[in-house]
Amino acid sequence: MPKSTNQKLKILYLVKILQEKTDDTHRLSLKEIQAALLAYGISAERKSLYDDIEALRAYGLDIIGESLGKGYVYYIGSRQFELAELKLLVDAVQASKFITVKKSTGLIKKLGNLTSLNEALKLNRQVYVADRIKTMNESIYYNVDILHNAIGSNVKIRFQYTQWTVDKILELKKDGEIYEVSPWALSWDNENYYLVAYDSRDEIIKHYRVDKMMKLSLTEKNREGREFFEKFNMASYSRKMFGMYHGADELVKIQFRNDLAGVVIDRFGKDVTFRLTGESHFTVVVKVAVSMQFIAWIIGLGEGAQIISPDHVVSRMKDTIEKLKKMYG
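What this report covers is the structure whose coordinates are included nearby.

Digging into unusual backbone geometry
Here is step 1: Omega for the peptide link from Ser309 to Pro310 comes to 0°, which places this bond in the cis form.
Here is step 2: Turning to its location among the elements, Pro310 is positioned in the loop between strand S13 (305–309) and helix H13 (311–328).
Here is step 3: A positive phi angle is found at Asp175, which is not glycine, with a value near 55°.
Here is step 4: Using a relative accessible area of 84% as the deciding quantity, one classes Asp175 as exposed.

Following this line, the structure appears as structure tokens:
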């Protein structure tokens, strides 16, 4: 590479060196910067480096110079992301079941490029906090992008849906039937990604696990169901669904022990009304999808939670308990 070309790239390599090799605890002197540039085949005089650093500061790069002995050392101060923020992002990626191990590794590596090499090592240590189960569907990474495009383009989508068998094989549901729905929103619930869509054939809102969608594609048909989604509230929808399992919507009155107030707020939000019933309990009236998962949630709270009404939901709880007693009797 000719010297003149190298000189044209000098300021770019200067940025690269500062971003990769410096941070709050790692600084470089001008002599060390010159040596690092020389490794790229670029010679630089001290005066030209002063001018380059000032130009980068004027551009907006936070280059801090500190006096050390008879000279100065330089490092990058503030960055687009602080290390603590990057750690949060790494943990979120690692904890997300809907991102495969391969994609998680790739994303975490890219996040490491947003800080210095020394700080990136601290991110790598975050990767191995736990052996979490991840999805094996590599296409989910691209499915999410396709779904966002479909929503932005106001078109329907087609796909095939899958399920696991007892042989641990992912098979197509309904003999490979093609699903065609109108996508309206994406929801991250219970560590899984879901598409919330309108099914014009059944004329209802449905949701689908994104990692179970195969051969996803856009159609040229406009979306339907706008009248349903104009009054649709994703937060309310997520609160009433337990594990994103379908069930008939019901206004259910539940009594909780006072020490479960935090559990109720985590599930239904702070806006839910607590009505005190004596010194040790309170009741709430909430709209939920009455599914087996809802019943199991109540059972999981033991003696701290009791369904009060409506009667048919109470009866369903009693029937479930009787069946469980027979299983373990």
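Regarding the nonpolar core
Here is step 1: In this structure, Leu147, Ile157, Phe159, Leu195, Tyr208, Val210 and Met213 are the most contacted members of the largest nonpolar core, which totals 27 residues.
Here is step 2: Elements with a minimum of two residues in this core: helix H5 (83–95), helix H6 (101–112), helix H8 (140–153), strand S4 (155–164), strand S6 (179–189), strand S7 (192–199) and strand S9 (213–222).
Here is step 3: Once residues lying within four places of it in the same chain are set aside, the contact partners of Leu147 are Ile157, Leu186, Leu195, Val210, Met213 and Leu216.
Here is step 4: Listed in part, the 22 residues of the second largest apolar core include Phe256, Val284, Val290 and Phe294.

Description of the packing of aromatic side chains
Two descriptors summarise a pair of aromatic rings, namely the distance from one centre to the other and the angle between the planes of the rings.
Here is step 1: This model, assessed by the stated rule, comprises 14 aromatic pairs.
Here is step 2: Between Tyr161 and Tyr208, the ring centres sit 5.5 Å apart and the planes meet at 85°, which makes this aromatic pair edge-to-face. Taken together, the positions of Tyr161 in strand S4 and Tyr208 in strand S8 (residues 204–209) put the pair 47 residues apart, joining distant regions of the chain. Take Tyr161 and Tyr208: they sit in the same class, and that class is buried.
Here is step 3: A ring pair is formed by Phe274 and Phe282, whose centres lie 4.2 Å apart and whose planes are at 15°; its orientation type is stacked.
Here is step 4: A relative accessible area of 31% places Phe274 in the partly exposed class.

Here we look at the sheet that holds strand S1 (residues 28–29)
Here is step 1: Sheet architecture is open: 3 strands sit in the order S1-S3-S2, paired in antiparallel fashion. Looking along the sheet, the strands with just one partner apiece sit at the ends: S1 and strand S2 (63–68).
Here is step 2: Direction of pairing for S1 relative to strand S3 (residues 71–76): antiparallel, over a ladder of 2 bridges. Directly across from Ser29, in S3, lies its bridge partner Val73.
Here is step 3: Where helix H2 (residues 10–21) meets the sheet, its contacts fall on S1, S2 and S3, and the angle it forms with S3 comes to roughly 80°.
Here is step 4: Its contacts with the sheet put helix H4 (residues 46–59) on S2 and S3, and the angle it makes with S2 is roughly 135°.

Points about H5
Here is step 1: The terminal C-alpha atoms of H5, which comprises 13 residues, lie 18 Å apart, in line with the 18 Å expected from a rise of 1.5 Å per residue.
Here is step 2: Taken residue by residue, H5 has Leu83, Leu86, Val90, Val93 and Gln94 as its buried positions. Taken around the axis of H5, the buried residues stretch over an arc of 95°, which confines them to a single face.

Observations regarding the environment of Asp249
Here is step 1: Tracing the backbone shows Asp249 in strand S10 (residues 248–257).
Here is step 2: Note: C-alpha distance between Asp249 and Lys287 (38 residues apart in sequence) is 6.4 Å.

Observations concerning the sheet that holds S10
Whether parallel or antiparallel, the strands of a sheet pair through hydrogen bonds between backbone atoms.
Here is step 1: Pairing within the open sheet is antiparallel, and its 4 strands lie in the order S11-S12-S10-S13. Both outer strands of the open sheet, strand S11 (275–276) and S13, are each paired with one neighbouring strand and no more.
Here is step 2: Pairing of S10 with strand S12 (residues 281–290) involves 10 bridges; the strand directions are antiparallel. Pairing of Lys253 across the sheet is with Val285, part of S12.

Rules behind the numbers
- Each chain has its residues counted from 1, running along the sequence as written.
- Only residues with pLDDT of 70 or above have their local features reported here, since the model is predicted, and side-chain atom pairs are shown and tallied only from 80 upward, although totals for entire chains, interfaces and linings are computed over all residues.
- As a rule here, side-chain values cover all heavy atoms of the structure and leave hydrogens and water aside.
- Strands are runs of DSSP state E lasting at least two residues, helices are runs of H or I lasting at least four, and both sets are numbered from the N terminus onward.
- Accessibility here uses a 1.4 Å probe with only protein chains present; expressed as a share of the type maximum, an area under 20% marks a residue as buried, one over 50% as exposed, and anything in between as partly exposed.
- In this description, a nonpolar core means a group of buried Ala, Val, Leu, Ile, Met, Phe, Trp, Tyr and Cys residues linked to one another through side-chain atoms lying within 4.5 Å.
- Contact between two residues is taken to exist if any of their heavy atoms lie within 4.5 Å; hydrogens are not considered.
- Each aromatic pair joins two rings of Phe, Tyr and Trp (for Trp, the six-membered one) with centres within 6.5 Å, and gets the label stacked for planes under 30 degrees apart, edge-to-face for over 60, and tilted for any other angle.
- Here, a strand pair is defined by DSSP locating no fewer than two bridges between the strands.
- Inter-axis angles, ranging from 0 to 180 degrees, are taken between N-to-C directions of lines fitted to C-alpha atoms, where helices are fitted over the stretch in contact.
- Multiplying one less than the number of residues by 1.5 Å gives the expected span of a helix.
- The arc in question is formed by the directions pointing from the helix axis toward the C-beta atoms.

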